[in-house]
Amino acid sequence: MCMPVHIVLNGQTKTLATSSPTLLALVVSLGFPPDRIAVEVNGMIIPRVRWPETHLSDGDKVELVQFVGGGGANSSNKSLSQRSP
């Protein structure tokens, strides 16, 4: 029997249909470009190479941060922004 997993994603509750979701599966399902984001689970940054083996559990707090760049040398637009699906 497949039990859903409830996580908090960027401050919002999200239900995942699979009983043992991985961090990589979450990132891919949300359509994020894996090479342009950083992921934190329960306050710890998870290196990209560990995403396939990092399983999410009920109550996990996940923060996805997308890197944004652009503008000229004097631009202050080189910052991090959060996107909540």
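Please refer to the structure higher up on the page.
Note that this is a predicted model, so its numbers are computed, not measured. (Residues numbered from 1 in each chain as written. Predicted model: local features only at pLDDT ≥ 70, side-chain atom pairs only at ≥ 80, totals over all residues. Heavy atoms only, no water.)

Asker: Would you explain the pairing of strand β5 (residues 61-68) in this entry?
Answerer: Put simply, side chains in a regular strand alternate between the two faces of the sheet. As defined by bridge partners, strand β1 (residues 5-9) adjoins β5 across two bridges and the pair is classed as parallel. For L9, the partnering residue across the bridge sits in β5 and is V62. Strand direction decides the pairing type here: strand β3 (residues 37-41) and β5, joined by five bridges, are antiparallel. Each bridged residue has a counterpart across the sheet, and for E40 the counterpart in β5 is E63. (Pairing = 2+ DSSP bridges. Helix = DSSP H or I, 4+ residues; strand = E, 2+ residues; numbered from the N terminus.)

Asker: I tried to follow the pairing of β3 on my own but got confused; where do I start?
Answerer: Here β3 shows one buried face, formed by I37, V39 and V41, and one open face, formed by A38 and E40. Looking at chain direction, β3 and strand β4 (residues 44-45) are connected through two bridges and run antiparallel. Residue pairing for β4: V41 is matched across the bridge by M44. Joining the antiparallel neighbours β3 and β4 is a turn of two residues, in which N42 adopts a positive phi near 50°. (Buried < 20%, exposed > 50% of the residue type's maximum accessible area, 1.4 Å probe, protein only.)

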